[in-house]
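Analysis of the macromolecular model
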Amino acid sequence: ALAFLARPRGARVPLRGRHVLITGGSSGIGLAMATAAAREGARVSILARNARGLQEARDAIRAATGVDVGVLAADVRDEGAVARALQEAGPVDVLVCNQGVFVPQELEKQDMEEVKWMVDINLMGTFHLVKAALPAMKLRTRETGLPASIAIMSSQAGQVGVYGYTAYSASKFALRGMGEALQHEVIADNIRVSLIFPPDTETPGFEEEHKRRPELTNIIAGSSGGMKADDVAKKALAGIKSGRFIVPCNFEGAMLAVATAGLSPQSSPLMAFAEVIGAGIMRFAALCFQWNWFSTIENYYAKNKKTT
Ligand SMILES: NC(=O)C1=CN([C@@H]2O[C@H](COP(=O)(O)OP(=O)(O)OC[C@H]3O[C@@H](n4cnc5c(N)ncnc54)[C@H](OP(=O)(O)O)[C@@H]3O)[C@@H](O)[C@H]2O)C=CC1
Ligand SMILES: CCCCCCCCCCCCCCCC(=O)[C@@H](N)CO
């Protein structure tokens, strides 16, 4: 029955010979994805703000794969700049909206400037990218008859709210709502949406984040095992190629996917089965995790009151 029900129908999104545009492709997860996609024979473009970082990434990808990628310097917050960059890049088959910024801080201590900055880059930037890429993408699926993909980089903090991530989690949860609605709108054009949910990942951005990360954020985020950027990139590309809507990256991510399946699209009958069977038990596991997190927070505040 689930094999009949699972929608949208499964699809293979090939990468070889196709144009893959990756934002935030000059660093971390984006750079790892660009390298892996180039290695698989895709024509790759990377987009970021800093021209120097883009050149360095281009050199690094050439050294690793022998392939030259296209570079596009633009700030995703600037709708016009994004439109011009996509015009210059030409029609895209696989759009990876991976750019993202994260500065963890309790909301009370975080400036609204910083909150807006995260929402503008992580969420509004993705709107600008999708708007700019979609028209040519649709024409292209019609021409080639091959499915295209819009992949959006969320985070496990986009599946569960985490202490210190009020702004970041909001921006990443929002991408899921956007992605669910967008999948309805683009399925008739043979475009698959994929949402990627990595745990803590070793990247330059993560290194930077650590300088300011509250201890409680470290502890709670530590409930999910850390990963290397190359491994996240591998999972992300595999998810994109098989047209999966929800793309978890590690074991805890697979549990989170079942726990938060909600009303998300599901193409895989096997995953649909896991979700139906796992719903109760994963809800129980989720309550155990929350019990643990709230105990940790309670103890942390109790201890800090005593010492101050
Ligand atoms: N690392 C982690 O622990 C996790 C990361 N993620 C998500 O994965 C994505 C990548 O993270 P990570 O690899 O760590 O990030 P990095 O900080 O290492 O790299 C970020 C990339 O995004 C680009 N970028 C930042 N701001 C803009 C902007 N305004 N316009 C265009 N490009 C921009 C940067 O280039 P430049 O500065 O030159 O613009 C850079 O290429 C993010 O969306 C992040 O939220 C999700 C879960 C865990
Ligand atoms: C029911 C089953 C539950 C399974 C375990 C749940 C574990 C949740 C941990 C949340 C981790 C959030 C990491 C965010 C990383 C990130 O995005 C930052 N590094 C910034 O980029």
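Residues numbered from 1 in each chain as written. Chains lettered and ligands numbered in written order. Predicted model: local features only at pLDDT ≥ 70, side-chain atom pairs only at ≥ 80, totals over all residues. Heavy atoms only, no water.

The secondary structure content of the chain amounts to 11 helices and nine strands. On the principal axes, the C-alpha backbone points of the chain span a range of 65 × 55 × 35 Å. When the 308 residues of the chain are sorted by exposure, 50% land in the buried category. Of the accessible surface of the chain, which amounts to about 14900 Å², a share of 58% is contributed by carbon and sulfur atoms. (Helix = DSSP H or I, 4+ residues; strand = E, 2+ residues; numbered from the N terminus. Buried < 20%, exposed > 50% of the residue type's maximum accessible area, 1.4 Å probe, protein only. Areas by Shrake-Rupley, 256 points an atom, 1.4 Å probe, with all protein chains shown as cover.)

As a general feature of sheets, a regular strand has side chains that alternate between the two faces. With seven of seven residues buried, strand S6 (residues 191-197) is to be regarded as a mostly interior element. Examined bridge by bridge, strand S5 (residues 148-153) and S6 share six bridges and lie parallel to one another. Looking at the pairing, Ser149 lines up with Arg192 of S6. In this fold, the crossover linking S5 to S6 by way of helix H6 (residues 166-186) has right-handed handedness. (Pairing = 2+ DSSP bridges. Right-handed = clockwise from strand over helix to strand, strands pointing away.)

A few words on the site of ligand 2. Not every one of the 22 residues close to ligand 2 is listed here, only the nearest: Ser155, Tyr165, Tyr168, Asp200 and Glu209. Here an oxygen atom of ligand 2 and a side-chain polar atom of Ser155 are 2.6 Å apart. Taking Glu209, its side chain carries an N or O atom lying 3.0 Å from a nitrogen atom of ligand 2. Protein chains bury 96% of the 600 Å² of accessible surface belonging to ligand 2 in isolation. Secondary structure elements with two or more residues in the shell around ligand 2: helix H7 (204-210), helix H8 (215-221), helix H10 (251-259) and helix H11 (269-307). (Near = heavy atom within 4 Å. Polar contact = N/O pair within 3.5 Å; in protein donor to acceptor, adjacent residues only side chain to side chain.)

Attention now moves to the pattern of salt bridges. Tallied over the entire structure, the rule returns 17 salt bridges. Linking Glu106 and Lys109 is a salt bridge whose minimum nitrogen-to-oxygen distance equals 3.6 Å. Using a relative accessible area of 16% as the deciding quantity, one classes Glu106 as buried. You can call Lys109 exposed: its relative accessible area is 58%. Residue Asp200 is joined to Arg213 by a salt bridge in which the shortest nitrogen-to-oxygen separation is 2.6 Å. Of this pair, Asp200 sits in the loop between S6 and strand S7 (201-202) while Arg213 sits in the loop between H7 and H8; the two residues are 13 residues apart in sequence, bridging distant segments of the chain. Of the two residues, Asp200 and Arg213, neither departs from the other in class, the shared state being buried. One connected set of salt bridges, linked through shared partners, spans Arg58, Asp59, Arg62 and Asp68. (Salt bridge = Lys/Arg side-chain N within 4 Å of Asp/Glu carboxyl O.)

Turning to the site of ligand 1, a few remarks are in order. In the vicinity of ligand 1 there are 31 residues, among which Ser26, Ser27, Arg49, Tyr168 and Thr203 approach most closely. Between ligand 1 and Tyr168 there is a distance of 2.7 Å, counted from an oxygen atom to a side-chain nitrogen or oxygen. In this structure, Thr203 approaches ligand 1 through a side-chain N or O atom, which is 2.5 Å from an oxygen atom. Relative to its unbound accessible surface of 890 Å², ligand 1 loses 93% to contact with the protein. Among the secondary structure elements, those contributing two or more residues to the shell around ligand 1 are helix H2 (28-39), H6 and H7. Tallying contributions element by element places H7 first for the shell around ligand 1, with three residues.

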